[in-house]
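Each chain, written out:
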Amino acid sequence: MKRARKRIAFLVCGVLMVIGVSCALWRPSGIVTREGGDETVVVLHGLNRTSRAMGKLAEALAEEGYTVLNCNYPSTSAGIHELSEGVFAEIAPRIANASRVHFVTHSMGGIVLRAMLQDHPLRNMGRAVMLAPPNQGSEITDALGVWWMYDWVNGPAGKELGTSTNSILAGLNPPAYPVGVIAGDRTVNPLFSWMMIPGADDGKVAVERTRMEGMADFVCLHVTHTWMMRNPEVITQVKRFLKTGQFD
């Protein structure tokens, strides 16, 4: 059984390598800006993704009248704290004069946000919505993080997302701002879900591991980790929380 699991893990890492090479062929940089009102929403993608993954959500928020900053950051190039410093340096001059600044994140983007706001609290901070954040880590990192291919594809930050009590996640404080968490319980990675993740999950993160102390609201929807940011119900719930501080 252990040998079979090792073979599957090696195969999965190989698939991740192919995906990583494909993503690297064209990776946009900078911030995609949609001008709007005096409230700004900063959008942060997850590990090994780009602003393109968050495009539909960003467009929907712009239609609500927000100024939207859909950020690209090099998610596989450094550790989480270094990435958070880079994001802050990029957005700081663009949000300084906003009446309120909200954030919407996907996956590891939520952890980058937590690290950034812990080091750089904002006087004009509004609300934050985290989509499938590994707030308590992911068993996938525990299982695959020892493989060099996983490290090659996901970089230093990817290896920091394990469930150990020594993980970087344990050093992040509860949020001092209103946070709503949206989890998913559908998977397109049945092997991951069956072999590595206990309980309900979205193919990458267990539902229970998305939760964190101090969150203002929580909802679990029938969506997958990979595509949840494009789901109409998710987008509706994001807009609802940004306006009211609660999910529907």
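### What to know about the sheet that holds strand β7 (residues 217–221)
The strand order across the open sheet formed by 7 strands is β1-β3-β2-β4-β5-β6-β7, and the pairing between neighbours is mixed. Each of the sheet's edge strands pairs with one partner strand only, and the pair in question is β1 (31–34) and β7. Pairs of neighbouring strands in the sheet enclose a mean axial angle of 15°, with direction left out of account. When strand β4 (residues 100–106) meets strand β5 (residues 125–131), the two strands line up parallel, connected through 5 bridges. In the strand pairing of β5, His106 is matched with Leu131. On top of the sheet, helix α2 (residues 55–63) reaches β1, β2 (39–44), β3 (67–71), β4 and β5; it is set at about 165° to β3, its chief contact. The sheet contacts of helix α9 (residues 232–244) involve β2, β4, β5, β6 (179–184) and β7, and relative to β5 the element is tilted by about 160°.

### Re the pairing of β5
Within β5, 7 of the 7 residues are buried, which leaves the element mostly enclosed by the surrounding structure. A crossover connection joins β4 to the parallel β5 through helix α4 (residues 108–119); in handedness this β-α-β unit is right-handed. By the bridge criterion, 4 bridges tie β5 to β6 in an arrangement that is parallel. Opposite Leu131, over in β6, you have Ile182 as the bridge partner.

About the thresholds
Residues numbered from 1 in each chain as written. Predicted model: local features only at pLDDT ≥ 70, side-chain atom pairs only at ≥ 80, totals over all residues. Heavy atoms only, no water. Pairing = 2+ DSSP bridges. Helix = DSSP H or I, 4+ residues; strand = E, 2+ residues; numbered from the N terminus. Axes fitted to C-alpha atoms, helices over the stretch in contact; angles between N-to-C directions. Contact = heavy atoms within 4.5 Å. Buried < 20%, exposed > 50% of the residue type's maximum accessible area, 1.4 Å probe, protein only. Right-handed = clockwise from strand over helix to strand, strands pointing away.

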